[in-house]
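# Observations on the three-dimensional arrangement
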Amino acid sequence: MEKHLISYFEMNHLERITDFLTIKADYHGIDLSENLTKVAKIYPHLNGVRLIAGVLNTRNTKMEKVSSINKVVNNLAKHGAKEVILSNSSLMDFIPEIIAIKKIKLLNKVGDNN
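So, a few notes on the structure that sits alongside this text. Owing to the predicted nature of the structure, the values given are computational and were not obtained by experimental measurement.

Bringing the overall build of the chain into the picture now. Within the chain, the secondary structure is distributed over four helices and four strands. Its helices and strands in sequence order give the chain the pattern β-α-β-α-β-α-β-α, from N to C terminus. At 14 Å, the chain has a C-alpha radius of gyration in line with the 13 Å of a compact globule built from 114 residues. Taking the principal axes of the C-alpha coordinates as reference, the chain spans close to 35 × 30 × 30 Å.

Counted according to the given criterion, the structure contains four salt bridges. Across the pair D31 and R59 runs a salt bridge, and its minimum N-O distance is 2.8 Å. Pair noted here: D31 is in strand β2 (residues 27–31) and R59 is in the loop between β3 (50–56) and α3 (66–78), with a separation of 28 residues, a long-range link. Where E64 meets K103, a salt bridge forms, and the shortest distance between an N and an O atom there is 3.0 Å. Linking E64 in the loop between β3 and α3 with K103 in helix α4 (residues 97–107), this pair joins segments that are 39 residues apart in sequence. Several salt bridges share partner residues, and in doing so they unite E2, R50 and E83 into one network.

Another point: the sheet that holds strand β1 (residues 4–6). Pairing within the open sheet is parallel, and its four strands lie in the order β1-β2-β3-β4. Each edge of the open sheet is held by one strand with a lone partner, namely β1 and β4 (83–88). This sheet shows a mean twist of 25° between the axes of neighbouring strands, independent of strand direction. Along the sheet, helix α1 (residues 14–22) contacts β1 and β2; its crossing angle with β2, the most-contacted strand, is approximately 155°. With respect to the sheet, α4 is in contact with β3 and β4, its orientation differing from that of β3 by roughly 130°.

All right, on to the nonpolar core then. A general feature of soluble globular proteins is that nonpolar side chains tend to end up buried together. Judged by nonpolar contacts, the single largest core of 21 residues is most densely connected at I30, L32, L46, L51 and L76. Elements represented by at least two residues in this core include exactly α1, α2 (39–42), β3, α3 and α4. Counting residues per element, this core draws most heavily on β3, which supplies four residues. Apart from residues lying up to four places away in sequence, L76 is in contact with L32, Y43, L46, L51, A53, A81 and V84.

Scoring rules and cut-offs
- Residues numbered from 1 in each chain as written.
- Predicted model: local features only at pLDDT ≥ 70, side-chain atom pairs only at ≥ 80, totals over all residues.
- Heavy atoms only, no water.
- Helix = DSSP H or I, 4+ residues; strand = E, 2+ residues; numbered from the N terminus.
- Rg over C-alpha atoms; globule rule 2.2 N^0.38 Å.
- Salt bridge = Lys/Arg side-chain N within 4 Å of Asp/Glu carboxyl O.
- Pairing = 2+ DSSP bridges.
- Axes fitted to C-alpha atoms, helices over the stretch in contact; angles between N-to-C directions.
- Contact = heavy atoms within 4.5 Å.
- Core = buried A, V, L, I, M, F, W, Y, C linked by side-chain atoms within 4.5 Å.
- Buried < 20%, exposed > 50% of the residue type's maximum accessible area, 1.4 Å probe, protein only.

Structural data, given as structure tokens:
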């Protein structure tokens, strides 16, 4: 049985990420959409981590840029994340269904060279 540990918190204090990543789990999920300005501080802690990267901000209707997601994904790989699964950052209960679908479809474009 796989264990996924998923957080939805903003990482104001780096000790939280350190503590979070020491908890035994197969995958650690981090809300990167709420932490984009802090994500560079997170990279050094990701070596060998199997990560669920919450790259879609599902708390609002603003659409993400594929180029921004690609940049984050490339940096995750460069800093040693063992495996990366792209995901929404939170539940989609409070955004319109049409926006949720658009956000999910946007993930299909991540990694394209177009």
